[in-house]
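Geometric and topological summary
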Amino acid sequence: MIARVAVWEPMPDDDRDWVLDAAVGVPGVHAAYHLVDPATGNGLSVAFFENEDAAVAARRAIVKRAAEIGWHDTPHPAPVSETIYEVKRHV
């Protein structure tokens, strides 16, 4: 299992359910969370995948959905960083 952690400064404050909805139907996607610090607006996007292929498939689904809803028609913040981790232990 792998995890992708993206750091946002700030986390986009629009309705981000479309991202989770795009990823949820992809085989090998285990969970995804958007975490926001209410004091700063900064946040983390944390997602868990069975393997790298599932992470790539989820990214493609999100990019496709972004195009469908016109996400890139207006400027939005991008993550400051994105890191892939190998999950060593989980419950």
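In case you missed it, the structure is sitting above this.
Every value quoted in this text rests on a predicted model; they were computed, and no experiment measured them.

The rules behind each value
- Residues numbered from 1 in each chain as written.
- Predicted model: local features only at pLDDT ≥ 70, side-chain atom pairs only at ≥ 80, totals over all residues.
- Heavy atoms only, no water.
- Helix = DSSP H or I, 4+ residues; strand = E, 2+ residues; numbered from the N terminus.
- Contact = heavy atoms within 4.5 Å.
- Buried < 20%, exposed > 50% of the residue type's maximum accessible area, 1.4 Å probe, protein only.
- Pairing = 2+ DSSP bridges.
- Salt bridge = Lys/Arg side-chain N within 4 Å of Asp/Glu carboxyl O.

Next up on the list: the side chain of S45. Examined against the element boundaries, S45 turns out to sit in strand β3 (residues 43-49). Sequence-distant contacts of S45, that is, excluding residues within four places in its chain, are made with R4, V5, A6, W8, M11, Y33 and H34.

For strand β1 (residues 2-8), a buried count of six out of seven residues is recorded, marking the element as mostly surrounded by other parts of the structure. Pairing between β1 and β3: seven bridges, direction antiparallel. In the strand pairing of β3, A6 is matched with S45. Bridging between β1 and strand β4 (residues 81-86) involves six bridges; their strand directions are antiparallel. Considered in β4, the bridge of V7 is made with S81.

With that settled, consider the pattern of salt bridges. Taken as a whole and assessed by the stated rule, the structure comprises five salt bridges. The residue R59 makes a salt bridge to E82 at a minimum N-O spacing of 2.7 Å. On the criterion of sequence distance, the pair formed by R59 in helix α2 (residues 52-69) and E82 in strand β4 is long-range, its members being 23 residues apart. Overall, the relative accessible area of 42% leaves E82 in the partly exposed class. In this structure, the salt-bridge partner of E68 is R65, at a minimum N-O distance of 3.2 Å. Of this pair, E68 and R65 both sit in helix α2, three residues apart, which is roughly one turn of the helix. Judged by its relative accessible area of 48%, E68 is partly exposed. The structure contains a network of salt bridges with shared partners spanning R4, R59 and E82.

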